[in-house]
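Below, each chain spelled out in residue letters.
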Amino acid sequence: MFPTSASSTRFLRILLTLGDYPILSKRIREAMRWELFNRDIISPRVFEARVREMALRSQEREGLSDPYFEENNEVWDLRMERIREHLTSLIFSQNLSFEVFEEIVNKTLAEERGISVGDLLLNINFELAPMELIFDFARHVEQMEPDERAQFASRYEEAKVVLIRTLISDQLRYIKIARDYFTIDDLAHIREHKIGAGRIGGKAAGMLLAHAILSRVNIPELSDNVRVPDSFFIGSGELYTFISYNNLEPWNTQKYKSEERMRAEYPQIVKAFEQGTMPEDVLAKIRHVLEVTANKPLILRSSSLLEDNFGTSFAGKYESIFLPNQGTLDENLKAFVRAMAHIYASTLNPGALMYRRSKGLIDYDERMALLVQVVEGETFNHYYLPHGAGVAFSRNMYRWNPDIRREDGFVRLVWGLGTRAVDRVGNDYPRLIALSHPLLRPSTNSKEIRRYSQQFVDLIDLQTNSFRTLPIHEVISGRYEPLRYIAQLDEGGYFSSLRSNLIGSRKKDLVLTFDDLLKLSSFAVRMREMLKILETRYNSPVDVEFTVHIDPLPDGSIDLKITILQCRPQSHMDIHEIPPIPRDLAEEDLLFKTTFVVPQGFIDQVQWVVYVDPQAYFALPSLNDRFELSHAIGRVNEMMKDKRFILIGPGRWGSSNSDLGVPVSYGDIYHAEALIELTGPGIGPAPEPSLGTHFFQDLMEANIYPLAVDLSDERSRFQAGWLEHHPNRLLEFSPTDQRFCECLRVVAVNDIRPGHFLKVIMNDEKSVAVAFLSDDVEPLIG
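Source: prediction; values computed, not measured.

Novice: Looking at this model, I keep getting lost on the packing of helix α8 (residues 131-142) against helix α10 (residues 153-167). Mind explaining?
Specialist: The angle between the axes and the distance between the axes are what describe a pair of packed helices. At a closest axis distance of 10 Å, the pairing of α8 and α10 adopts a crossing angle of 145 degrees. Viewed along their axes, α8 and α10 form a crossing whose handedness is left-handed. Across the interface between the two elements, Met-131, Ile-134, Phe-135, Phe-137, Ala-138, Val-141 and Glu-142 from α8 touch Arg-155, Tyr-156, Ala-159, Val-162, Leu-163, Thr-166 and Leu-167 from α10. Split by residue class, the contact of α8 with α10 holds 11 nonpolar, 1 polar and 2 charged.

Novice: Even after reading the chapter, I still don't get the nonpolar core, so can you show me in this structure?
Specialist: Nonpolar side chains in soluble globular proteins tend to be buried together. Ile-168, Phe-182, Leu-187, Trp-415, Phe-523 and Met-530 are the most contacted members of the largest nonpolar core, which totals 92 residues. Residue contributions to this core peak at 9 residues, all from helix α13 (residues 201-214). When neighbours within four sequence positions are excluded, Phe-523 is seen to be in contact with Val-411, Leu-413, Ile-433, Leu-517, Leu-518, Phe-546, Val-548 and Leu-560. With 38 residues, the next largest nonpolar core counts Tyr-266, Ile-269, Leu-333 and Val-374 among its residues.

Novice: Explain the sheet that holds strand β15 (residues 495-496) here, please?
Specialist: Two orientations exist for strands paired in a sheet by backbone hydrogen bonds: parallel and antiparallel. In spatial order, the strands read β15-β14-β16; together these 3 strands make up an open sheet with antiparallel pairing. Each edge of the open sheet carries a strand with a single partner, namely β15 and β16 (510-512). Sheet topology places strand β14 (residues 487-490) next to β15; 2 bridges connect them, and they run antiparallel. Its bridge partner lying in β15, Leu-489 is registered against Ser-496.

Novice: Which parts of the structure should I look at to understand the pattern of salt bridges?
Specialist: Scanning all chains against the criterion turns up 46 salt bridges. Across the salt bridge formed by Arg-57 and Glu-53, the nearest N and O atoms sit 2.5 Å from each other. Taken together, the residues Arg-57 and Glu-53, both in helix α3 (residues 44-61) and 4 residues apart, mark about one turn of the helix. Linking Arg-263 and Asp-668 is a salt bridge whose minimum nitrogen-to-oxygen distance equals 3.0 Å. Here Asp-668 lies in helix α28 (residues 666-669) and Arg-263 lies in helix α16 (residues 259-274), a separation of 405 residues in the sequence. A relative accessible area of 22% places Arg-263 in the partly exposed class. Asp-668 gets classed as buried once you look at its relative accessible area, which sits at 1%. One salt-bridge network, held together by shared partners, links Arg-301, Asp-543, Glu-545 and Arg-568.

Novice: Hey, could you run me through the sheet that holds strand β13 (residues 466-471) in this one?
Specialist: With antiparallel pairing, 4 strands are arranged side by side in an open sheet as β7-β8-β12-β13. The two strands at the open ends of the sheet, each matched to only one other strand, are β7 (378-380) and β13. Adjacent strand axes in the sheet meet at a mean angle of 45 degrees, parallel and antiparallel pairs treated alike. Alignment of β7 against strand β8 (residues 383-385), held across 3 bridges, turns out to be antiparallel. Counted as the bridge partner of Glu-378 is Leu-385 from β8.

Novice: Which parts of the structure should I look at to understand the packing of aromatic side chains?
Specialist: What describes a pair of aromatic rings is the distance from one ring centre to the other and the angle between the planes of the rings. Taken as a whole and assessed by the stated rule, the structure comprises 14 aromatic pairs. An angle of 45 degrees between the planes, with centres 6.1 Å apart, marks the rings of Phe-523 and Phe-546 as tilted. Of this pair, Phe-523 sits in helix α25 (residues 523-538) while Phe-546 sits in strand β17 (residues 542-552), and the two are 23 residues apart along the sequence. The class for Phe-523 is buried, based on a relative accessible area of 0%. Arranged with centres 5.0 Å apart and planes meeting at 75 degrees, the rings of Tyr-617 and Phe-618 form a pair that is edge-to-face. Classification of Phe-618 as partly exposed rests on a relative accessible area of 27%. Site record: aromatic cluster; members linked through ring pairs are Trp-34, Phe-37 and Phe-47.

Cut-offs and rules
- Residues numbered from 1 in each chain as written.
- Predicted model: local features only at pLDDT ≥ 70, side-chain atom pairs only at ≥ 80, totals over all residues.
- Heavy atoms only, no water.
- Axes fitted to C-alpha atoms, helices over the stretch in contact; angles between N-to-C directions.
- Helix = DSSP H or I, 4+ residues; strand = E, 2+ residues; numbered from the N terminus.
- Left-handed = near helix turned anticlockwise from the far one by under 90°.
- Contact = heavy atoms within 4.5 Å.
- Nonpolar A, V, L, I, M, F, W, Y, C, P; charged D, E, K, R; others polar.
- Core = buried A, V, L, I, M, F, W, Y, C linked by side-chain atoms within 4.5 Å.
- Buried < 20%, exposed > 50% of the residue type's maximum accessible area, 1.4 Å probe, protein only.
- Pairing = 2+ DSSP bridges.
- Salt bridge = Lys/Arg side-chain N within 4 Å of Asp/Glu carboxyl O.
- Phe/Tyr/Trp six-rings, centres within 6.5 Å; stacked < 30°, edge-to-face > 60°.

Shown next as structure tokens:
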């Protein structure tokens, strides 16, 4: 990828190996010099004159004004000897072939010790050796006959582990899996496509490992049809190159500051990073990547060392940026560097730092690598987008029907770029697919199916050189080849499949259902098999971000190509035994009841309820007030870290659109036991299962149960009066937030009914969850 002289590199490797044998090294260089002299490439007199001249220049660079008297004879002789060795290697590599050099080395080694270059390679210390030598060793072993190779199996394994640890990850659970699947060719490919020092980070590591696993299974439908995008890597060490080159070191202490200071200073950090650039040698390599990818759209993705690890997904904490890449080379390079700067700055964003603090990782040296990928997709008109994209989970923790098997997993699938599948976006919905029952929806009502279907598509506009979100009916048409597999026609009570792409004037009746993709292809089976294999190899549930390419075949079948973008251990909660919901539960004891996508779980002895009043929230005068409210919730969360409390409030929490719900981040809520979203007329948008979003990942990692109470559903209950008519203890926990007393209420359950607390029982078999007052203490099992 980044070319070097093969001869010079091999020459250097052997010299480095010989560094462990100083006498041999000296003899070989003496033989090299005589070869130069005998071939009249340079005379001994001219050679020594150059050595002396170079030695004097080196003294001048060190500030010696009278070199003959300011340096003793021993130091001068050492200086001359080192320059003599350097000049020998330089002139030899410039004038003679590697084969001549290797002949000299082998002859000298045989005379001195009866050993060869190969023998030296087999005895190097991998922990200290340059990476080139470790690759040379592995290649040397691979070329042996099977019987001889078996003798070096353990050394070969050690070499592979050292390369994985140096190039990819030092996480022991990852290495234990990776060493069984990565080949030396795989590792060499990574090295050839990497810019700069350091590892390639967690996101890149997970993607490559998943592909290595699936490409080696004996299932042709998977191994032949699963791939990864064309990818390049910017090593984690280049973060500090950027920081040092642009004098940004003063910001390195952000992680030890208070949350308020982190939030206040972050805009300054982003501005300072945006003005940065990279040294010319790094820019030259980035320019080469842009030339190789030839104006194809790219995505620059965060890939920090801790990202996508077991127990710490960092989902959505760092930025990933699409680069349409349709300008001139200089324009594309400028956009690339600006995107790098944004992602580097995101390592210091308050959400990421608070997440690290909550996980006990604040002292870890969290370096940021970058994953550069060609965006998967196809051109349609002047747009660029994949036929489908989404996120798949090997475990389905939130079933909407008791027939759904948890162990078969589920998928969030969208048309276009996968951003709408992993983020809580506007009033829009992905297709949720239970892989055990692909056609079983949360609702069978045609109006609700249309209401809960995808309304907008994320794509790259090649004409405007930008990432855009557009209504689906502005983009889709009868000329879109996969149309019949992703859309159906709304017939006013049911949906009909498209017999052809001739839709005439009925474009507005198109609804993205993906039903015919699920009926006519092996998509669900293939995803289920893929997730099962990865879960088995990882010894943990996993989630996978992917794209899908739909290729209709002449016989009416579909050829599917799945591209893996990311793979990581799935955040999930252990399923515990739960007590039964009391049969005689009185209305006056019930705080809330819901039947909407209920998980399995139990929370006992809840002492406090933190409540955002819907009317007061939507009456806040500005967007800034809503974000300030989120920070106030964060302060309450921190002060209540030793209390058992639940959060209740309007709309979709964690949404970037504050009109849809409270725009909290992970750092604002991670001590809560549950998050209950209220929806209904005048309160918030229709409930959407957040399964699979980055926000959902956060809740799972923090063991926070997400629930939605749809007040337009006659089966739902919510006693708002309990929280509105009892004392608000907000100021006991956050005295500076008096201005939010009308909106943010902190209510003690003991004030509602003395001597009582709340129990929350969630039964996914019956699809019902209740929170009720009780004075009966159960053991804390959930």
